[in-house]
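Structure at a glance
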Amino acid sequence: MLKRTVTTRLYKKVLNRAFNFTKLSKGNHLLNGSRLYTTASNINKVKRSKKYTWLLTWVIMGAAGYELNNFVNDRRIVKRNFEPESSTLPLDRLTPPRYETDPEKLKLHIEDLKKIMDNDSNNYTEMHNELVNHADSYFNTHHPQDIELDKPTIVLFPRNTQDVSKILKYCHTHNLPVIPYSGGTSLEGHYVTTRPPSTIMVDFSRYMANIIKFSPADLDVTVQPGLPWEDLNDFLEEKGYMLGVDPGPGAQMGGCIANSCSGTNAYRFGTMKENIINITLVLPDGTIVKTKRRPRKSSAGYNLNGLFVGSEGTLGVVTEATVKCHVKPKCETVAVVTFPTIQDAANCSSKLTQNGIQLNAMELLDENIMKLINLSKSTYKQHWDETPTMFFKIGGQNETIVRELIHMMKRIAKENKSIKFEFSNGEEEKLEMWEARKVAVWTVLDTGKAINEDAKLWTTDVAVPLSNFAKVVEETKADLKESKLLNIIVGHAGDGNFHAAIVYNNEEEFKKCKKVVDDMITRALDHDGTCTGEHGVALGKRKYLLEELDEDTVDLMRRIKLAIDPNRILNPDKIFKIDPNDTAE
């Protein structure tokens, strides 16, 4: 509407000047409304201007036609991108996103971004090795096709929320894709560059890695996104508190929020979604918002925490977050219980839950990993039983409570065919016994590399209802055995989430691995589960999201994405497709 109005005004202005009509007695001009006023005194002026009339008319008609065409096309784009009459947004109603790709313009944009970072080389990097390091990792299941091409153009190190706001505002204005980055430990291609050569990466690990405020009376702590979760947990443990989540080593708080991480503690303390109190984040256009204040509960407005936690950097960039702290148990021990089969171990974990026995963690390791731990001697304790094994953390306010829990657990484990039940005495033995769970993935990787130093690892996860846990695990193990690939399964038995870590050495083994993973995910979905319990979707599991939900649900997500990020600059192509020309899975 604005463009049409401007064009009409321009059309009138040019005609009035061209014909040079004077004001008439009524005070009207040539194109005042829809009437043309003439008098005898104007005739000579009209004749003198007549020879220019046709030329000007053709020029004006051409300009008007060009503007009208642009107007119609813009309306089509707006309609296809946003479809205001529709609550969802199917992919085929979108036009391809428009990112800046002109080399000369990109050079100017990079210089402008450097100015935002005060032209200080400590605040950005264009070094080749740094760009490559920010493009992929060994553990990704989805790698760039060509890392020399599919890497960011520049990595920026913001110092505060205002820096992030300026960066995103600029990139939004100039259609430059942006990928947020913190620890770089994600597994499904979360920070892989899909839109070279114009992708800008924003890394929080250099300057925004601080604890801003610790409030023990409120049991919360406010942090920045580049803070490693282990550093935060060490800080809290010194004061008698702990985080509710414990993801893989190296993860930082920004990524923990973006992926809604969990870990072994999630059975008791919940995932990151349940542990977030509020978030300060920057939207794609540079707007700074805070999702809520600091109460433990609120029914005011939409649950924006739930929207942004787990959105994988596609909706906003986290710059601060207030997370819950939990009081460490005064007493805690680790119990290790072996079983003849996965089914028996799963039955035991289900019975413990059904009997209301509240444990701090409940982890399953299959016989393969127990055997590899013995072979590699990767733990201080050796000679583990090579059968399915459950690891439990049992905590309480005093030893009497812990002893009572152990007594009830022994009874239930025995009812479910346990072979051996042992528990730690003292802090050192507790750490030694739990060590087997923490080194599981590293053990299978080290074993694979000892055989072939070029071995690759594929690690993936699914989650199913507890009643289907044992069946899905057993059927997946049968597939893995048939593949003859080196593999292990570890699971968070308390919430039905399990991981497979599979080693492959060549293209043929990669295809076998891919087939096993595909069947594992399909099986989980067939049993009312999810394609990922905690790793996230990113690029690696986009097609499974459509199978898990349905097109209308994903279309609703796409509608939300484009409502917040109309230029599609934030971590493009992750979770679901945003480009109708995207032919990847």
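Our subject in this report is the structure included herewith. Quick caveat: nothing in here was measured; it's all calculated off a predicted structure.

Our next topic: the pattern of salt bridges. Where charged atoms of side chains with opposite charge meet at close range, the side chains can pair. According to the stated counting rule, one finds 29 salt bridges in the structure shown. Two residues, Arg-159 and Asp-163, come together in a salt bridge whose shortest N-O distance is 2.7 Å. Between Arg-195 and Asp-579 there is a salt bridge; the shortest N-O distance is 3.0 Å. On the criterion of sequence distance, the pair formed by Arg-195 in the loop between β3 (178-181) and β4 (200-203) and Asp-579 in the segment after α19 (551-564) is long-range, its members being 384 residues apart. For Arg-195, a relative accessible area of 15% corresponds to the buried category. Each of Lys-471, Glu-475, Asp-479 and Arg-523 takes part in one network of salt bridges that share partners.

Attention now moves to the packing of helix α11 (residues 342-354) against helix α13 (residues 399-415). Relative orientation of the contacting elements α11 and α13 amounts to 135°, with a least axis distance of 9 Å. As summarised for this structure, α11 and α13 are arranged oblique, according to the angle between their axes. α13 is crossed by α11, and the crossing has right-handed handedness. Contacts between α11 and α13 involve Cys-348, Lys-351 and Leu-352 from the former and Met-409, Ile-412 and Ala-413 from the latter.

The strands making up a sheet associate through hydrogen bonds between their backbones, and the pairing can be parallel or antiparallel. Spatially, the four strands line up as an open sheet ordered β1-β2-β4-β3, and their pairing is mixed. Edge positions in the sheet fall to β1 (124-125) and β3, since each has one partner strand and no second. Bridge count for β3 against β4 is four bridges, and the pairing is parallel. Paired with Val-178 across the two strands is Ile-200, which belongs to β4.

This part takes up helix α5 (residues 161-174). With 14 residues, α5 ought to run about 20 Å at 1.5 Å a step, and its terminal C-alpha atoms sit 20 Å apart, in line with that. Buried within α5 are the following residues: Thr-161, Asp-163, Val-164, Ser-165, Ile-167, Leu-168, Tyr-170, Cys-171 and His-172. Two or three places before Gln-162, at the opening of α5, Asn-160 has a side-chain oxygen 3.1 Å from that residue's backbone nitrogen.

For His-134, the location among the structural elements is in the loop between α4 (128-133) and β2 (154-156). Once you skip the residues sitting within four places of it in the chain, His-134 turns out to touch Pro-152, Val-155, Tyr-181, Tyr-191, Met-201 and Asp-203.

With respect to the helices, strands and loops of the structure, Thr-193 is situated in the loop between β3 and β4. Judged by relative accessible area, which is 2%, Thr-193 ranks as buried. Setting aside chain neighbours within four positions, we find Thr-193 in contact with Asp-150, Lys-151, Pro-152, Ile-179 and Thr-199.

The subject of this paragraph is a negative patch on the surface. Judged by side-chain charge, Asp-92, Asp-550, Glu-551 and Asp-552 come together as a negatively charged surface patch. The class for Asp-92 is exposed, based on a relative accessible area of 60%.

With that settled, consider unusual backbone geometry. Residues Pro-196 and Pro-197 are joined by a peptide bond in cis, for which omega reads 5°. Looking at where Pro-197 falls in the secondary structure, it is placed in the loop between β3 and β4. One non-glycine residue with positive phi stands out, namely Lys-377, at about 55°. Relative to the helices and strands, Lys-377 resides in the loop between α12 (367-376) and β14 (389-396). Lys-377 sits in the exposed class, given a relative accessible area of 56%.

Read across the sheet, five strands follow the order β5-β6-β10-β8-β9 without closing on themselves; strand pairing throughout is antiparallel. For this open sheet the edge positions go to β5 (211-215) and β9 (288-290), each flanked by a neighbour on one side alone. Averaged over neighbouring strand pairs, the angle between their axes works out to 10° when direction is ignored. Both strand β6 (residues 220-223) and strand β10 (residues 317-324) contribute to a ladder of four bridges, which runs antiparallel. For Thr-222, the partnering residue across the bridge sits in β10 and is Thr-322. Strands β5 and β6 of the sheet are contacted by helix α6 (residues 229-237), whose axis makes an angle of about 35° with β5.

Parameters and conventions
- Residues numbered from 1 in each chain as written.
- Predicted model: local features only at pLDDT ≥ 70, side-chain atom pairs only at ≥ 80, totals over all residues.
- Heavy atoms only, no water.
- Salt bridge = Lys/Arg side-chain N within 4 Å of Asp/Glu carboxyl O.
- Helix = DSSP H or I, 4+ residues; strand = E, 2+ residues; numbered from the N terminus.
- Buried < 20%, exposed > 50% of the residue type's maximum accessible area, 1.4 Å probe, protein only.
- Axes fitted to C-alpha atoms, helices over the stretch in contact; angles between N-to-C directions.
- Parallel < 35°, antiparallel > 145°, perpendicular 65-115°, else oblique.
- Left-handed = near helix turned anticlockwise from the far one by under 90°.
- Contact = heavy atoms within 4.5 Å.
- Pairing = 2+ DSSP bridges.
- Expected span 1.5 Å × (residues − 1).
- Polar contact = N/O pair within 3.5 Å; in protein donor to acceptor, adjacent residues only side chain to side chain.
- Patch = residues over 30% accessible without salt bridge, like charges linked within 9 Å, V, L, I, M, F, W, Y side chains within 5 Å.
- Areas by Shrake-Rupley, 256 points an atom, 1.4 Å probe, with all protein chains shown as cover.
- Lys, Arg positive; Asp, Glu negative; His and termini not counted.
- Charge placed at Lys NZ, Arg CZ, Asp CG, Glu CD.

That's the geometry; what it means functionally is another story.
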